[in-house]
Amino acid sequence: SVCFGRANVGAVMAAATDGESSLVRSRIYSVISEARASLTNPSRPFTPNVKERRSLCDERSQLVGGMRTEMNLRAGCVVRPLRTIDVSKKSPLHASLRATAASAAALSHSIGDAQVLTLEPQEASTPGRSKQIHHDDDRWWLSIEELLNELCSGASGKEERMCEICEDLWRHLGMQCGDAKPRARWLGGCVGHRRSGRVVEACARLMHRPDTKLQLRLARLILACEPDAHTLSAVLKSVFKFSKDERNDSSFGTLELLPLLMHRLTAAISAVVGPLTTATARTSDALHSEACFEAALYAAAALKNLSADTDNGRALTKLGAVGAFTHGLKRLLALLRDSSRPATASLPATASLVRSGVDQSLAGRRECRLLLQLTVALRNLAVIGGAANGFVVCGAVEVLCDTMGAVPFDADVSLACARVLAKLSLDAEVQRRLGTNRRLAEILLVTMKAHCPPDSRCHEALLVRLSFVLGNLTACSAASRSNLASALPALLKLLSYHTAAFLRAVASAQAGNAGFAAKAMREHSLEPLSAPGVVASSGCSGTPSEASMDGSVGGAAASDVGGLSDVLTKLIRLIAHLAMNEAEGVAISRAHETASLLELLAALPLEPTPLGNASPLALEELRLNTTSAVTNLSFYSTGDNVLLNDAHVLLCQLLAQALTYPNEEGVVEAARAIGNLSRTAAARQSLCSLHASEALLLLLGHSSASVVNASCGALVNLAGDPRCLSHLSSLRATPRVAEAMLLQLETMQAAASRSCGEGGATTQAYEGYGAVAAEAALMAAKTLCNLLSSGLDSDTCPGEHLLDWSARHALTTALAPLATKQTLTWKTDAGEWPHVAWLLMSLLRPEGGREQGRGEGVVCKEKRRTVEQVCKT
């Protein structure tokens, strides 16, 4: 039988000798000590129903009363239990502590989520050397006790002196971990459990002090040791409060608290989810589940706040925070999947099911609170430059999508994940991973359908982020556009609903004005663009007086203009990208909801002015994306295209007005859309009657080659229509187009000469500018061919009565090298130049002239009829 008396234990320790027998007895003593510790202060799991929490200075519980005494194995000897030392007087050994060498160094290595300490192997020591090691160890701990007693005495109430003592303790305790400076010092494994508990107890009694600097230093000592779960939770709660203040951000980095918080977060998640290794299993058995979860929650919340600081964010990235947070998400998702009420059950089909009573009960699960803190912390790290590669390497992109799929009922978690993906989706590799994985795309769509119905319950912030992510995926990938084809009906309903809400908000902001769209339709005697009942079915039939007081979309108050414009900008951008695929583009052009784009163009102001709470920049971006969507949809000249049927007159007027827009990109998109419309005879007549041709001719003198190219793209179709030639001739279109072509050729040649003498990025810039100028010059040459072909039936050359001799000479001189051989360095459309240049020179040369570079012969009337056929083609 074993007696648990103090005398028997002392006898056992006194009889301990070197060798294997001493090791066995030391284990016996450890078991006895653990049994006494567990019986002295038994504890029960802390349940969520109990509101009060154990304080940091509970005299009854003593916080460290349950600590085990660990026998330190050092070079084959046994360390006896620490005897009571009188430290009432200051020891003279304190001054010589800096020269004391550590007896053993602990090397840490990571296995999974656990931090395992491994002792350095040492040579077998002699009995005399063993006594010297014990003597040095006692001297070292004596100095620690002296500092702890001085700290507990309050240092005469001087906070600065207490901070100095904490710094001395940090340095002296770190001596046991070796001379190197590791990322974080896990003092508990180096100094033993009992001594660690002594440090925790002394520091915990002072955590009520109001000084922030002192509390951070005390928290550092506690986190570096091995506190019990409740003490750890209370300390991390205090650390979380300090992290709210941005003025403390630098202190966390200086005091090495970031790696300590990372370690505590990883260990707490492991204790909550389940043991991963033997070390974590032993810790998990001693800790309470609720206290461990609170510790993980407060640690994650503190790191979330600290990661918002740029310097701390970079430091956490170097510490591997992205991988650690991602691994924590994986562990929590596994816990959700294995729970008795799995959150990964069949996803709700509608938002009404998501907001049902069952799912609301699941939304309050504690794991979702921790998921939210981790995802927000990842969002802060995602904004750091070059962080996308770290997210890709550790698989964070897929884990974030899985998190959204695992908790579709939680809008906050879904929004946090969407914010991270919105930052990362600008990276090409992230776009590839999301775009090629149909499962991940389906998760994004399901989340959008669940939280973004076409009514007042739509989660605007989530819709903006998801639309932005999907818009980035579909910008350059045809496969991504095909994967999202099933979402077209839902996207078009969202477009119709938010457009109606935006128009009501604009009307409210303009003090009761009916809106520009309705006014434009009345002027042209057109029917409403939306199909009958569309607005009512979308939940938008209510008047502004029925606006909800919580800022929902259904109210459409004047203050909602900014939010609605942001939603529509991202949503229309996504629809415009989907329209780049022919199948999806034809389907969108046939949908009656597409007419909402015309309503938006009519309602948005041409001048960049604020409207409600929407900034001029936001409204300008909305107009630009709307015009781009119209351009893509007008490309499909099907018989049932909503934009090209009865509404083409209004569209021509809106686009003609857009040609005067101050934004260069908006002018280019409007000219491109007019080019698509000008393929039909009815639209060409409307453009001439609305004086759009005059605006296009004015844009030929624009400084941007892109604007000139887009304008010529519309004029080339007008010049090919005989019914429009007289109108263009009255506007002197031929000499103006010829002048624009010569100017673009000069620009092209100047860029070519400069790119030859430069290098690197400058060369690429000149090449890109020259390529755009070459495209503009080529399009102007084609337009000029159509204009000159108007006099082919006459006996004289059309260039003689449309251009003077100097203009024809300048054009012939510039076109001669392009007609004989290919001299361009630009790749775009360079193969068309010889044919177009020869054709244009033929139209410019008077009757009886010779074709330069084409041998002998005369351009006769039959030849010109052949040229006419080529021009029409």
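Remember, predicted model here, so these are calculated numbers, not experimental data.

### Regarding the overall build of the protein
When its secondary structure is counted, the protein shows 43 helices and four strands. Buried residues in the protein amount to 52% of all 873 residues. Sequence separation of 24 or more characterises 76% of the internal contacts of the protein that already satisfy a separation of 6 or more. Of the accessible surface of the protein, which amounts to about 38,800 Å², a share of 53% is contributed by carbon and sulfur atoms.

### A short note on helix H32 (residues 648-658)
Each α-helix turn comprises 3.6 residues. Residues three or four places apart therefore point the same way. Most of H32 is tucked away: nine of the eleven residues are buried. Burial in H32 covers these residues: His 648, Leu 650, Leu 651, Cys 652, Gln 653, Leu 654, Leu 655, Ala 656 and Ala 658.

### Quick word on unusual backbone geometry
Residues other than glycine seldom take positive phi values, yet Glu 256 does so here, at roughly 60°. When you line up the elements, Glu 256 lands in the loop between helix H9 (249-254) and helix H10 (257-273). Under the relative-accessibility criterion, Glu 256 is labelled partly exposed at 25%. For His 691, which is not glycine, the phi dihedral falls at a positive 65°. Structurally, His 691 can be placed in the loop between helix H34 (681-689) and helix H35 (692-698).

### Quick notes on helix H14 (residues 321-338)
Helix length check: H14, at 18 residues, gives a terminal C-alpha distance of 26 Å against a target of 26 Å (1.5 Å per residue), a fit within 8%. Regarding H14, the residues found buried are Ala 321, Val 322, Phe 325, Thr 326, Gly 328, Leu 329, Arg 331, Leu 332, Leu 333, Leu 335 and Leu 336. Considering only its buried residues, H14 is in contact with H10, helix H12 (289-307), helix H13 (310-318), helix H17 (366-382), helix H18 (388-393) and helix H19 (396-406).

### Observations regarding the packing of aromatic side chains
What the rule picks out here adds up to three aromatic pairs. Taking the centre distance of 6.0 Å and the plane angle of 35° together, the rings of Phe 240 and Tyr 298 count as tilted. Of the two residues, Phe 240 sits in helix H8 (residues 229-243) while Tyr 298 sits in helix H12, which places them 58 residues apart along the sequence. No difference in accessibility class separates Phe 240 from Tyr 298, as the two residues are buried. On the numbers, 5.4 Å between centres and 85° between planes, the contact of Phe 635 with Tyr 636 is edge-to-face. Geometry around Trp 170 places Arg 220 over its ring, the cationic atom sitting 4.5 Å from the centre. Here the guanidinium or amino end of Arg 623 rests over the ring plane of Tyr 661, the centre of that ring lying 5.5 Å away.

### Digging into the packing of H17 against helix H20 (residues 411-424)
Helix packing for two helices is described by the angle between their axes and how far apart those axes are. Closest axis-to-axis distance for the H17/H20 pair is 9 Å, and the angle between their directions is 20°. Between H17 and H20, the interaxial angle falls into the category roughly parallel. Remark: the crossing between H17 and H20 carries left-handed chirality. Where H17 abuts H20, its residues Cys 368, Leu 371, Leu 372, Thr 375, Val 376, Leu 378, Arg 379 and Ala 382 lie against Asp 412, Val 413, Ala 416, Cys 417, Arg 419, Val 420, Lys 423 and Leu 424.

### As for the packing of helix H25 (residues 488-509) against helix H28 (residues 561-578)
Remark: H25 packs on H28, axes separated minimally by 9 Å, with the N-to-C direction vectors making an angle of 145°. The element H25 and its partner H28 pack so that their crossing is left-handed. For the pair H25 and H28, the contacting residues are Leu 488, Leu 491, Leu 492, Leu 494, Leu 495, His 498, Thr 499, Ala 501, Phe 502, Ala 505, Val 506 and Ala 509 in the first and Val 561, Leu 564, Ser 565, Val 567, Leu 568, Leu 571, Ile 572, Leu 574, Ile 575 and Leu 578 in the second.

### Description of the nonpolar core
In globular proteins that are soluble, nonpolar side chains generally tend to be buried together. Residues Phe 325, Phe 391 and Phe 502 are the most contacted members of the largest nonpolar core, which totals 228 residues. When residues in this core are grouped by element, the largest group, 13 residues, is from H12. In this structure, Phe 391 is in contact with Val 322, Leu 378, Leu 381, Ala 382, Ala 396, Val 397, Val 420 and Leu 424, ignoring residues within four places of it in sequence.

### So, the environment of Ala 816
Along the polypeptide, Ala 816 turns up in helix H41 (residues 805-820). Between the alpha carbons of Ala 816 and Ala 837 there is a distance of 7.4 Å; along the sequence they are 21 residues apart.

### Let's talk about the side chain of Ser 693
By secondary structure assignment, the location of Ser 693 is in helix H35. Engagement of the side chain of Ser 693 in a polar contact is seen with the side chain of His 727, the distance being 2.8 Å.

### So, the pattern of salt bridges
Applying the stated criterion across every chain, the model contains 21 salt bridges. Residues Glu 398 and Arg 433 are paired through a salt bridge, measuring 2.9 Å at the closest nitrogen-oxygen approach. Taken together, the residues Glu 398 in helix H19 and Arg 433 in helix H21 (residues 428-436) connect sequence positions 35 residues apart. Among the residues examined, Glu 398 registers a relative accessible area of 19% and is labelled buried.

### Let's talk about the environment of Gly 197
Within the secondary structure, Gly 197 sits in helix H6 (residues 193-204). Residue classification places Gly 197 among the buried residues on the basis of a relative accessible area of 4%. Separated by 28 residues in sequence, Gly 197 and Cys 225 place their C-alpha atoms 7.6 Å apart.

### A few points about the confidence of the model for the protein
When pLDDT is averaged along the protein, the result is 74; 65% of the residues meet or exceed 70. Between residues 340-364, whose pLDDT stays under 50, and residues either more than four places distant or in other chains, the model counts 41 contacts. Per-residue pLDDT stays below 50 along residues 847-863; that stretch engages in 32 contacts with residues further than four places along the chain or on separate chains.

### Let's talk about the environment of Val 446
Relative to the elements of secondary structure, Val 446 occurs in helix H22 (residues 438-451). Val 446 gets classed as partly exposed once you look at its relative accessible area, which sits at 24%. As for Val 446 and Met 404, which are separated by 42 residues in sequence, their C-alpha atoms are 9.3 Å apart.

### Describing the state of the cysteines
Defined simply, a disulfide is a covalent bond joining two cysteines at their sulfur atoms. As enumerated under the stated definition, the model contains zero disulfides in all. Here Cys 458 stays unpaired: no disulfide links it, and the sulfur of Cys 452, its closest cysteine neighbor, is 4.4 Å away.

Procedures and definitions
- Residues numbered from 1 in each chain as written.
- Predicted model: local features only at pLDDT ≥ 70, side-chain atom pairs only at ≥ 80, totals over all residues.
- Heavy atoms only, no water.
- Helix = DSSP H or I, 4+ residues; strand = E, 2+ residues; numbered from the N terminus.
- Buried < 20%, exposed > 50% of the residue type's maximum accessible area, 1.4 Å probe, protein only.
- Contact = heavy atoms within 4.5 Å.
- Areas by Shrake-Rupley, 256 points an atom, 1.4 Å probe, with all protein chains shown as cover.
- Expected span 1.5 Å × (residues − 1).
- Phe/Tyr/Trp six-rings, centres within 6.5 Å; stacked < 30°, edge-to-face > 60°.
- Lys NZ or Arg CZ within 6 Å of the ring centre and 35° of its normal.
- Axes fitted to C-alpha atoms, helices over the stretch in contact; angles between N-to-C directions.
- Parallel < 35°, antiparallel > 145°, perpendicular 65-115°, else oblique.
- Left-handed = near helix turned anticlockwise from the far one by under 90°.
- Core = buried A, V, L, I, M, F, W, Y, C linked by side-chain atoms within 4.5 Å.
- Polar contact = N/O pair within 3.5 Å; in protein donor to acceptor, adjacent residues only side chain to side chain.
- Salt bridge = Lys/Arg side-chain N within 4 Å of Asp/Glu carboxyl O.
- pLDDT = per-residue confidence, 0-100.
- Disulfide = S-S within 2.5 Å.

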